[in-house]
Amino acid sequence: MDTVKLQKYFTDCGILSRRAAETEISEGKVKVNGEIAYLGQRIDPSADRVEYKGRIIRPYSEEKICIMLNKPRGFVTTLSDEKGRPTVCDLVSDAGRRLYPVGRLDMDSDGLLLLTDDGKLANKLTHPRHEIPKIYRVTVKGAVDESVLSLLRSPLEIDGYKILPVQIDLVWQSKDKLQSVLEMRLYEGRNRQIRKMCDMAQLKVSRLSRIAIGELLLGNLPQGKWRQLTKEELEYLKNENNTNDKT
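Quick summary incoming for the structure in this document. Predicted model only: the values in this text are computed from it and were never measured. (Residues numbered from 1 in each chain as written. Predicted model: local features only at pLDDT ≥ 70, side-chain atom pairs only at ≥ 80, totals over all residues. Heavy atoms only, no water.)

### Overview of the sheet that holds strand β2 (residues 30–32)
Taken in spatial order, the four strands line up as β3-β2-β5-β6 in an open sheet, and their pairing is antiparallel. Sheet topology places β3 (35–36) and β6 (55–56) at the edges, where each strand pairs with a single neighbour. Relative to β3, β2 runs antiparallel, the two sharing two bridges. The partner of K31 across the bridge, within β3, is I36. (Pairing = 2+ DSSP bridges. Helix = DSSP H or I, 4+ residues; strand = E, 2+ residues; numbered from the N terminus.)

### Comments concerning the environment of K64
Mapped onto the fold, K64 is located in the loop between β6 and β7 (66–71). Between the alpha carbons of K64 and D117 there is a distance of 5.9 Å; along the sequence they are 53 residues apart. Once residues within four sequence positions are removed from consideration, K64 is found in contact with R97, D117 and D118. (Contact = heavy atoms within 4.5 Å.)

### Quick word on unusual backbone geometry
With a phi angle near 55 degrees, D159 is a residue other than glycine that sits in the positive phi range. Inspection of the secondary structure assignment puts D159 in the loop between β11 (157–158) and β12 (161–162). Note on D159: relative accessible area 65%, which makes it exposed. One non-glycine residue, Q202, lies in the positive phi region at around 60 degrees. Topologically, Q202 is positioned in the loop between α6 (193–200) and β15 (205–213). Exposure remark for Q202: the relative accessible area of 75% places this residue in the exposed category. (Buried < 20%, exposed > 50% of the residue type's maximum accessible area, 1.4 Å probe, protein only.)

### Some details on the nonpolar core
If you look at the biggest cluster of nonpolar residues, it comprises 34 residues, and the most contacted ones within it are V138, L152, L182, M184 and L203. Of all the secondary structure elements, the ones that give two or more residues to this core are β7, α3 (88–91), β9 (110–116), β10 (134–141), α5 (146–153), β14 (179–186), α6 and β15. Not counting chain neighbours up to four residues away, the residues in contact with V138 comprise S180, V181, L182, M184, I194, C198, V205, R207 and L208. Counting residues in each nonpolar core, the second largest holds 17 residues, with L112, A122, L221 and L229 among its members. (Core = buried A, V, L, I, M, F, W, Y, C linked by side-chain atoms within 4.5 Å.)

The following block contains the structure:
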């Protein structure tokens, strides 16, 4: 019977660093075969059942995964935060392995975010040549007329960089014209690009939500929850012909 220390098992499974695992074990957050684990405990990975935060931890598999998260506002898109703010990784800690965010979604925005342990897929999705369009619903204060839409659709210069034209539609406007909702389709992801575009058009953003990445739709996935992508969705993301048409 080959046994390993429990904290090493966590690192082997790609869940926690050894130090983080030791902390969680010491605080009684880990169970082995239904009983609270202790620091230094050895287990047989082929026979013992390890539970962490109510989820069974299984040995790391070569098969990579990619998940879709409905990120709420107030979470930063990083693995850890020096200011102690909650991160998106806190929301997917029950996924059974360490996952990395694909791209960014700022703290004040919500909606669809992909996370994966597949470095090749992550690099492909963030490379400009292969970037799939990202679609946002942007709620702004006040009315939006054609002159504003024309400005937003123009190749604006942001932070010294001339952005690609953005596809924009006005999808809703309140009768009193105190609130409007725009749908924006971006083919590149400059830092806080939509907010900076709205600032240039003198529009105050009250909510910014990513609702789709290409053909991947957020749908009715509850905020703060995640799901694994389907086989078809993964094939769509991995398709080498899935390049964006920026003309």
